[in-house]
Amino acid sequence: MTKDQSSVYDIRDDRFRHLIVGNAELEELYSGCRWSEGPVWFADLNCLLFSDIPNQRILRWVPDGGVSVFRQPSNFANGNTRDRQGRLISCEHGGRRVTRTENDGSITVLADSYNGKRLNSPNDVVVKSDGSIWFTDPTYGILSDYEGYKSEPEQKTRNVYRIDPASGEVEIAVDDFVQPNGLAFSPDETKLYVADSSFSHDVSRPRHIRVFDVVDGKTLTNGKEFCHLDSGLPDGFRLDTTGNLWTSAGDGVHCFSPEGTLLGKIKVPQTVANLTFGGPKKNRLFITATKSLYSVYLATRGAQTP
């Protein structure tokens, strides 16, 4: 290992050794955010977009080209992903909405209300292969004016929603979370994982990831705890092609096996908010952590599409 790299990896299970590159450095690519979030890789443009929520901007990182501003103001954008046509999908705390950036740069509102009442503050989002859009709606963006606009919630519960690809109808997929946060499908899309990060404001509340069976492509059943974090809380996460789950945590990135066993950790100097796989072979893990963007090469590949 290179200097100090032995301290980067915390191996809890020998299976973790086959997922990491022992001499790959944890690289700090950029620093200057207030709270970095929502990384999404654009392979066709060879760049990464990520949010700096309190600074009201979405940033663009290009290999060997540094960081520039992609959008400002960003309406306090948080989580980002791409749909199957490659368009940017964003959760905006400021507008309490989910939006799509069209190819010409215009913005289409996909969801901003449910049953005639405003959403809380959409947080993270994923797109399924059938084109349906799934997002979480905790209250983080309306708790203060730091990452949105302070306001009272209009929804009685903090939900996970599904936007139908044909009709655009917004439906509740599950409504029993305290503060739903990151979410991701298993590689075969038969399971949906959803974080509950309510530990952030009440230490008696959950800091775990739950997993649901996906029935008929749109119904969530058999919800149960998948894993519990021993440091910090789960925010954003992604899965690799073999079903291992890589999640943000207080002391870095935690990797769990498909059955929920902690395999190991990648230690990061700052609290991690989110992550995504990218690079030409999807084997580079990009990590948004407090004020910085980091990356590390792995011996596995991300499962997300595109």
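The following refers to the structure shown. (Residues numbered from 1 in each chain as written. Predicted model: local features only at pLDDT ≥ 70, side-chain atom pairs only at ≥ 80, totals over all residues. Heavy atoms only, no water.)

1. Considering the side chain of S295
Alright, step 1. Positionally, S295 belongs in strand β27 (residues 292-297).
Alright, step 2. Setting aside anything within four residues of it in sequence, one finds S295 in contact with E25, L26, E27, L29, R284, L285 and F286. (Helix = DSSP H or I, 4+ residues; strand = E, 2+ residues; numbered from the N terminus. Contact = heavy atoms within 4.5 Å.)

2. Observations regarding the sheet that holds strand β20 (residues 219-228)
Alright, step 1. The 4 strands lie next to each other as β17-β18-β19-β20, forming an open sheet whose pairing is antiparallel. Looking at which strands have only one partner, the edges of the open sheet turn out to be β17 (180-185) and β20. Strand-to-strand twist in this sheet, taken as the mean axis angle between neighbours without regard to direction, amounts to 25°.
Alright, step 2. Where strand β19 (residues 208-215) and β20 come together, 7 bridges link them in antiparallel fashion. Across the sheet, residue D213 finds its bridge partner in β20, namely T221. (Pairing = 2+ DSSP bridges. Axes fitted to C-alpha atoms, helices over the stretch in contact; angles between N-to-C directions.)

3. With respect to the pattern of salt bridges
Alright, step 1. Following the criterion strictly, the structure yields 22 salt bridges and no others.
Alright, step 2. Put simply, D13 and R15 hold a salt bridge, and the shortest N to O gap is 3.0 Å.
Alright, step 3. Among the salt bridges present, the one from K265 reaches D230, with a minimum N-O distance of 3.0 Å. Highlighted residues: K265 in strand β24 (residues 262-267) and D230 in the loop between β20 and β21 (237-239), separated in sequence by 35 residues.
Alright, step 4. Judged by its relative accessible area of 4%, K265 falls in the buried class.
Alright, step 5. Judged by relative accessible area, D230 falls into the partly exposed class, the value being 43%. (Salt bridge = Lys/Arg side-chain N within 4 Å of Asp/Glu carboxyl O. Buried < 20%, exposed > 50% of the residue type's maximum accessible area, 1.4 Å probe, protein only.)

4. Some details on the sheet that holds strand β15 (residues 158-163)
Alright, step 1. Across the sheet, which stays open at both edges, the 4 strands sit in the order β13-β14-β15-β16 with antiparallel pairing between neighbours. Each having just a single partner strand, β13 (125-127) and β16 (170-177) make up the two edges of the open sheet. Put simply, the sheet's adjacent strands are angled 20° from each other on average, direction ignored.
Alright, step 2. Two elements, β13 and strand β14 (residues 133-136), share 3 bridges in a ladder whose sense is antiparallel. Its bridge partner lying in β14, V125 is registered against F135.

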